[in-house]
Amino acid sequence: MVIYFVLMMQGISYAKLANLPPIVGLYSSFVPPLIYSVLGSSRHLAVGPVSIASLVMGTMLSGSVSSTDDPILYLQLAFTATFFAGVFQASLGLLRLGFLIDFLSNATLVGFMAGAAVIVALQQLKGLLGIVHFTGKMQFVPVMTSVFDHKDEWSWQTIVMGFGFLLFLLTTRQISIKKPKLFWVSAAAPLTSVILSTILVFGIKSKAHGISYIGHLPKGLNPPSLNMLYFNGQYLALTIKTGLITGILSLTEGIAVGRTFASLQNYQVDGNKEMMAIGLMNMAGSCTSCYVTTGSFSRSAVNYNAGAQTAVSNIVLAAAVLVTLLFLMPLFYYTPNVILAAIIITAVIGLIDYRAAYKLWKVDKLDFLACMCSFFGVLFISVPLGLAIAVGVSIFKILLHVTRPNTVVLGNIPRTQIYQSLNRYKEASRVPSFLILAIESPIYFANSTYLQERMLRWVREEEERINESHESTLKCIIIDMTGKLYELCGKIIYSQEFPICILANSEANFSAVSAIDTSGIDMLCELRKILEKRSLQLVLVNPVGSVMEKMHKSKILESFGMSSMYLTVGEAVGDIAASWKPQP
């Protein structure tokens, strides 16, 4: 029953968020859950409208078509965008291209959802203050300008009712957060608010002229909307773009939510099957007066806590919505719009995860940059451009890691054969006459030139350091192509970043140079020639199988010779150092 309350209120509220008639939100809570219950693989996913997809659809479509001036055209575009979202989602599942949604990193989504939540909350000031004429734009500056430019339209009755119920909803939300067993308190609060406010408005309707309410909602099942799909004309590109973006966002949310609850119950969610299920239910929904739907985290959480064990819960919810559509719609006639605004504000507040943003700042500054680009892009530019900027920053981060891989100088841990980073391990010390480098990346055409320049720069810096400290002349450069983490009984190695407690005579390998292409092979040949001219020996340590195979096919091993290939750094250092000693 609790999940039914949540579904009903969110269906009506999120439809309003998308600038659609409230009845469309209920239609979207009937057909899609039935289809998902047959095709989906998650046992706990509760299907229906969600805030992010509703916001994006409302924002993108309202920028070109007014939902009040031309409601029929707006409905056509919404249904068509839903159809294209479904086609895109199903195509990803059919072609097994789900990896594309991984470009929406967690950092991007944190900033995007926070920015969207702020925009959504500000948009609800129209209903919360009783403003009649309000901007259709979604950016921060136009919204706030519109709020203060229409102060003469503020209604004190609406403000008192709105902030009163908003306080009630936020209080119940805090109760459920602090005491998870009381999850039903916040879940039931929206319907409680709707019932109380509806009774209140009905009782004082002759005196409360400043409070607007929903009005008539048609009874009956979903009317067909296949004839409303818009496949030609000037707005076709807009519907495709809107469908693409809302499809990606709803698919990302649906799969993430499904996998979250699957992990709690130790079962697997088939990603491609989920894409097909969500895509087909949106395609079918677009033909039955529904807009974009997916799995909602809040409803799924209530579903999970209520003890649902199979997808049959979606059928039960759809049946409850059916009863509402057939018999209970007149009860919502006097439901005030301000309550829907309060419910939406309460729902989107949970999307602002400042703790996650702070964690991004502490862990990865580039991720934090992507988060902030997404947040401020949505807030001050537009939802699609803000998202595009954040995705661009994320892709730039990937390219940066590929083209500028990390290289480190290794040193020896005294009385062991362990070689680790000099910067991370304070016990590590340099080996006289040797420069030991580790490459922490495959060697490709995109980074081969950089790696050559970086390693030659390491050589120059090492020679300068040796000249200043009057140490043994540099004679050999060793490139460790396989990272190692050694463990020896009773030995503790202290890192500047974290302590590692060493246990028992074991060694764990993790590949650093896991692959190489022809540009990488040419780079190694060129590097060897440059170093030979400077009387420096180049040695490679333990290339992995695929790298060794390519080096063998390219004949590079013949030029290096067996004396320049070793299995471990310790073996290379010991053998080469012994060859430098004068023979008796």
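Residues numbered from 1 in each chain as written. Predicted model: local features only at pLDDT ≥ 70, side-chain atom pairs only at ≥ 80, totals over all residues. Heavy atoms only, no water.

What follows deals with the side chain of Gln-124. Within the secondary structure, Gln-124 sits in the loop between α6 (106-123) and α7 (125-129). By relative accessible area, which is 5% here, Gln-124 ends up buried. Residue contacts for Gln-124: discarding those within four places in its chain leaves Lys-16, Leu-17, Ala-341, Ile-344 and Ile-345. (Helix = DSSP H or I, 4+ residues; strand = E, 2+ residues; numbered from the N terminus. Buried < 20%, exposed > 50% of the residue type's maximum accessible area, 1.4 Å probe, protein only. Contact = heavy atoms within 4.5 Å.)

The subject of this paragraph is unusual backbone geometry. Unlike most non-glycine residues, Ser-289 shows phi in positive territory, near 60°. Relative to the assigned elements, Ser-289 resides in the loop between α12 (271-286) and β2 (294-295). The backbone of Lys-555 shows a phi angle near 70°, a positive value even though the residue is not glycine. In this fold, Lys-555 is placed in the loop between α21 (545-553) and α22 (556-560). For Lys-555, a relative accessible area of 52% gives the class exposed.

Turning our attention to the packing of aromatic side chains. Under the defined criterion, the tally for this structure stands at 12 aromatic pairs. Pairing Phe-375 with Phe-376 gives two aromatic rings, centres 5.0 Å apart and planes at 80°, and the pair type is edge-to-face. Judged by relative accessible area, which is 17%, Phe-375 ranks as buried. The exposure class assigned to Phe-376 is partly exposed, which follows from its relative accessible area of 41%. Consider the rings of Phe-376 and Phe-380, whose centres lie 6.2 Å apart with planes at 20°: the pair is stacked. (Phe/Tyr/Trp six-rings, centres within 6.5 Å; stacked < 30°, edge-to-face > 60°.)

This paragraph deals with the pattern of salt bridges. Enumeration according to the criterion identifies eight salt bridges in this entry. With a shortest N-O distance of 3.0 Å, Arg-465 and Glu-471 are connected by a salt bridge. The class for Arg-465 is partly exposed, based on a relative accessible area of 23%. Lys-553 is paired through a salt bridge with Glu-549; the nearest N and O atoms lie 3.4 Å apart. Note that Lys-553 and Glu-549 are positioned in helix α21 at a spacing of four residues, about one turn of the helix. For Lys-553, a relative accessible area of 61% puts it in the exposed group. (Salt bridge = Lys/Arg side-chain N within 4 Å of Asp/Glu carboxyl O.)

Let's shift gears to the sheet that holds strand β5 (residues 434-439). Overall, mixed pairing links the six strands, which are arranged β4-β3-β5-β6-β11-β12 in an open sheet. Both outer strands of the open sheet, β4 (419-421) and β12 (565-566), are each paired with one neighbouring strand and no more. Sheet strands touched by helix α19 (residues 448-469): β3 (407-412), β5 and β6 (476-480). Its angle to β5, the strand with the most contacts, is close to 150°. (Pairing = 2+ DSSP bridges. Axes fitted to C-alpha atoms, helices over the stretch in contact; angles between N-to-C directions.)

The next subject is the layout of surface pockets. One number sums up the size of the second largest pocket: a volume of about 1200 Å³. Considering the residues around the second largest pocket, the lining is formed by 43 residues, among which Lys-16, Asn-19, Ser-67, Thr-68 and Lys-126 are closest to the centre. Elements with a minimum of two residues in the lining of the second largest pocket: α1 (2-17), α2 (22-27), α4 (51-62), α5 (71-94), α7 and α15 (337-349). In terms of residues, the lining of the second largest pocket owes the most to one element, α4, which gives four residues. (1 Å grid on protein atoms, 1.4 Å probe; cavity = no way out; pocket = protein on both sides within 12 Å on 5 of 7 lines; lining within 4 Å. Points joined across faces, edges and corners; volume = space filled by probe spheres on them.)

Before going further, it helps to examine the state of the cysteines. Under the defined criterion, the tally for this structure stands at zero disulfides. A disulfide-free cysteine, Cys-287 has its sulfur positioned 9.6 Å from the sulfur of Cys-290, the nearest such atom. According to the relative accessible area criterion, Cys-287 is partly exposed, its value standing at 23%. Sulfur of Cys-373: no disulfide; nearest cysteine sulfur belongs to Cys-371 and is 9.3 Å away. Residue Cys-373 is classed as partly exposed on the basis of its relative accessible area, which comes to 21%. (Disulfide = S-S within 2.5 Å.)

Bringing a nonpolar patch on the surface into the picture now. The grouping of Val-141, Phe-376, Phe-380, Ile-381, Leu-385 and Ile-389 at the surface amounts to a nonpolar patch, some 540 Å² of accessible area in total. When you line up the elements, Ile-389 lands in helix α18 (residues 383-403). Take Ile-389: its relative accessible area is 36%, and that puts it in the partly exposed class. (Patch = residues over 30% accessible without salt bridge, like charges linked within 9 Å, V, L, I, M, F, W, Y side chains within 5 Å. Areas by Shrake-Rupley, 256 points an atom, 1.4 Å probe, with all protein chains shown as cover.)

With that settled, the discussion passes to empty space enclosed by the protein. Summed over all chains, the structure comprises one cavity of 30 Å³ or more. Looking at the largest cavity, its volume works out to about 40 Å³. Forming the walls of the largest cavity are Val-409, Leu-410, Arg-430, Val-431, Phe-434, Leu-435, Ile-436 and Glu-462. Among the elements of the structure, β3 and β5 are those that each provide at least two residues to the lining of the largest cavity. It is β5 that contributes the most residues to the lining of the largest cavity, three residues altogether. Looking at the lining of the largest cavity residue by residue, the classes come out as six nonpolar, no polar and two charged. (Nonpolar A, V, L, I, M, F, W, Y, C, P; charged D, E, K, R; others polar.)

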